[in-house]
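Descriptive structure summary
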Amino acid sequence: MLQTRSAGKSVFYMAGGKIDPGETPEMALHREIREELGVGARAVSELGVFEAEAYGHTPGTQLHMTCFLGELTAEPRPSGEIAELRWFTLGEYAGMDEVAPGSLLVFQRLHALGLID
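Reading the values: rules and limits
Residues numbered from 1 in each chain as written. Predicted model: local features only at pLDDT ≥ 70, side-chain atom pairs only at ≥ 80, totals over all residues. Heavy atoms only, no water. 1 Å grid on protein atoms, 1.4 Å probe; cavity = no way out; pocket = protein on both sides within 12 Å on 5 of 7 lines; lining within 4 Å. Points joined across faces, edges and corners; volume = space filled by probe spheres on them. Helix = DSSP H or I, 4+ residues; strand = E, 2+ residues; numbered from the N terminus. Nonpolar A, V, L, I, M, F, W, Y, C, P; charged D, E, K, R; others polar. Salt bridge = Lys/Arg side-chain N within 4 Å of Asp/Glu carboxyl O. Buried < 20%, exposed > 50% of the residue type's maximum accessible area, 1.4 Å probe, protein only. UniProt positions renumbered as here; feature names shortened; annotations may be inferred. Contact = heavy atoms within 4.5 Å.

Another point: the layout of surface pockets. The space that makes up the largest pocket amounts to roughly 1600 Å³. Looking at the largest pocket, it is lined by 49 residues, and the ones nearest its centre are Met14, Ala15, Gly16, Gly17 and Met65. Sorting the residues of the lining of the largest pocket by element identifies strand 1 (2–6), helix 1 (25–37), strand 2 (41–53), strand 3 (62–72), strand 4 (82–87) and helix 3 (101–112) as the ones contributing at least two each. Among the elements that line the lining of the largest pocket, the one with the most residues is strand 3, at 11 residues. When its residues are assigned to classes, the lining of the largest pocket shows 30 nonpolar, 12 polar and 7 charged.

In this structure the tally under the stated criterion is 6 salt bridges. Arginine 5 is paired through a salt bridge with glutamate 84; the nearest N and O atoms lie 2.9 Å apart. With arginine 5 in strand 1 and glutamate 84 in strand 4, this pair connects stretches of sequence that are 79 residues apart. According to the relative accessible area criterion, glutamate 84 is partly exposed, its value standing at 29%. The partner of arginine 31 in a salt bridge is glutamate 35, and the shortest N-O contact between them spans 3.4 Å. Of this pair, arginine 31 and glutamate 35 both sit in helix 1, separated by 4 residues, roughly a single helical turn. Here the salt bridges share partners, and the residues they tie into one network are Asp20, Glu23, Arg31, Glu32 and Glu35.

Moving on to the UniProt feature "domain: Nudix hydrolase" (unreviewed entry) in the chain. The positions UniProt marks with the feature "domain: Nudix hydrolase" (unreviewed entry) are residues 1–112. Annotated as residues 1–112, this span is 27% helix and 31% strand, and its ends, taken at the C-alpha atoms, are 14 Å apart.

With that settled, the discussion passes to the environment of proline 76. In this fold, proline 76 is placed in the loop between strand 3 and strand 4. Ignoring anything within four residues of it in the chain, the contact list for proline 76 reads Leu2, Leu37, Val39 and Leu85.

So this is what it looks like as structure tokens:
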């Protein structure tokens, strides 16, 4: 699964961000993918809603994210605040010194569905 690392941070997260007023989760997905990866997305379907403690925030801050499956329209490249992109298997991500709990939940779901190694 593709993960992004923002400039000045050491942990990798999924591309994405907050939903702007008036946006649906899918609209926010398309905007964030363009902003952070410089590409579009197609064949998008909802994977599910995930909740976890927000990494790097005040303890007790909860993350609520709607995640999607889809195909990128071109080769992604770091854009906006993104400094680095990297593809991971579940084992590679889980073995990192720092992992985002929300991303790890998504990795585990995709692995359980047989969609990633």
